[in-house]
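Topology and contacts: notes
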Amino acid sequence: MISKLFKSRTVAKINQPQIPDGRRVYAVGDIHGRADLLDELIAMIEADEHTRGPAETTLIFLGDIVDRGPASAAVIDRLRTLRAARPDVRFLLGNHEEIFLGALDGEPKALRLFCRIGGRETVLSYGMDAAEYERLDYEELVHRLETLVPDEHRDFLNGFEDMIVIGDYAFVHAGVRPDTPLDLQRTADLRWIRDPFLDHRTALEKTIVHGHTMTDEIERRGHRIGIDTGAYASGRLTALGIERGETWTLQTGTAVRV
């Protein structure tokens, strides 16, 4: 019953990309401050693990855990707790984490962009009220962030990775530049790229699992699988499961828009 409730139809095809026998991966799309959906999806993953039986499991969070949604600080706390409980959890740095860290360092360009792309919600999640946020100029905001954001949160985000390769899959936040080998990719492309990657139509060195670009449902192409289903607005936070040559999806239900 649990598997019927929580799993979409398993996809198993000949010549599918593979991960090594005995391994299992769950890749989680962009959370964007939705701690409620994160808790729901973690419970679904744990139930799915129990149903499928023992394996060496890795959870990969594809980045953009902060901004836009209402509870970025709580998301970071929840993921720090998860990592402490499970050594098999890994994190990729998204463009929103990059900008958040730049804002925390007082970089003017990063701070301005942070405030335009959902950073207001992140700041409020640390306990600042909306009226104070509206009063502050950029310099004052930097000083307040220093007092609001714990060092543990900054250290946690600074420890995120840019790419994870397991078997025939490479996991990144945004995508890759198609004409560049994986080991020569620029960090900026891994965190920010869109059209050159999304418009590409032929096979790549690995099958790329990514977030960053929102779609209504999981997007499968010959060279990539996109799993950013716009959780902060849609209520659908998606995880892609992979074992041997099979893939499946877990997804939270539609919630009230925030």
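Relevant structure appears above.
All residue numbers here refer to positions counted from 1 along the written sequence of the relevant chain. Where local features are concerned, this predicted model is filtered to residues with pLDDT of at least 70; where side-chain atom pairs are given and counted, the filter is 80 or more; whole-chain, interface and lining totals use all residues. Only hydrogens and water are set aside when side-chain values are computed; all heavy atoms of the structure are taken into account.

Another point: the overall build of the protein. Secondary structure is summarised from DSSP: a helix means a run of H or I of at least four residues, a strand means a run of E of at least two, and numbering begins at the N terminus for each. Looking only at helices and strands, the protein features 12 helices and 11 strands. The C-alpha radius of gyration computed for the protein amounts to 18 Å, which stays within 12% of the reference 18 Å derived for 258 residues, consistent with globular compactness. For the C-alpha atoms alone, the extent of the protein along its principal axes is close to 60 × 45 × 30 Å. Any pair of residues with heavy atoms lying within 4.5 Å of one another is described as a contacting pair. Counted over contacts in the protein with a minimum sequence separation of 6, partners at least 24 positions apart contribute 67%. Note on areas: Shrake-Rupley with a 1.4 Å probe; residue coverage comes only from the protein chains shown. Carbon together with sulfur atoms contributes 49% to the accessible area of the protein, which is approximately 11800 Å² in total. The protein carries 33 positive and 43 negative side-chain charges, and their two centres are separated by 6 Å. Between the two quantities, the radius of gyration covers C-alpha atoms and the globule rule is 2.2 Å times the number of residues to the power 0.38. Note that His is not counted, nor are the chain ends; the positive residues are Lys and Arg, and the negative ones are Asp and Glu. Charge placement uses NZ in Lys and CZ in Arg. For Asp and Glu, CG and CD serve respectively.

Before going further, it helps to spend a moment on the nonpolar core. Nonpolar core, defined: a set of buried Ala, Val, Leu, Ile, Met, Phe, Trp, Tyr and Cys residues in which side-chain atoms within 4.5 Å join the residues together. Per-residue accessibility, obtained with a 1.4 Å probe over protein chains only, is compared with the maximum for each type, and a residue is labelled buried under 20%, exposed over 50%, and partly exposed between these values. If you look at the biggest cluster of nonpolar residues, it comprises 48 residues, and the most contacted ones within it are Ile 31, Phe 61, Ile 65 and Leu 79. By residue number, the principal contributor to this core is helix α2 (residues 35-52), which donates 7 residues. Excluding anything up to four places from it in sequence, Ile 65 contacts Ile 31, His 32, Gly 33, Ser 72, Val 75, Ile 76, Leu 79, Glu 97, Phe 156, Leu 157 and Phe 160. In this structure, Phe 171, Val 209, Ile 227 and Ile 242 belong to the second largest nonpolar core, which totals 15 residues.

Here we come to helix α9 (residues 151-158). All of the buried residues in α9 are His 153, Phe 156 and Leu 157. For α9, the angular spread of the buried residues around the axis is 95 degrees, confining them to a single face. Residues of α9 that are exposed and angled more than 90 degrees away from the buried face: Asp 151, Asp 155 and Asn 158. Summarising the contacts, the buried residues of α9 are in contact with α3 (72-85), β4 (89-91) and α4 (95-104). What the arc measures is the spread of directions leading from the helix axis to the C-beta atoms.

Right, let's talk about unusual backbone geometry for a bit. Most of the time, phi is negative for any residue but glycine, and the peptide bond is trans. Here the phi dihedral of Arg 68 falls at roughly 75 degrees; this positive angle occurs in a residue that is not glycine. Its place among the elements puts Arg 68 in the loop between β3 (56-61) and α3. Positive phi values are uncommon outside glycine, yet His 212 reaches one of about 80 degrees. If you trace the backbone, His 212 turns up in the loop between β7 (207-210) and β8 (219-220). Of the residues examined, His 212 reaches a relative accessible area of 6% and is grouped as buried.

Let's shift gears to the sheet that holds β7. By this definition, two strands are paired if DSSP reports at least two bridges between them. If you walk across this open sheet you meet the 5 strands as β5-β6-β7-β9-β8, and the pairing is mixed. Of all the strands in the sheet, just β5 (164-166) and β8 have a single pairing partner and so form its edges. Pairing between β8 and strand β9 (residues 224-226): 2 bridges, direction antiparallel. If you follow Glu 219 over to β9, its bridge partner there is Gly 226.

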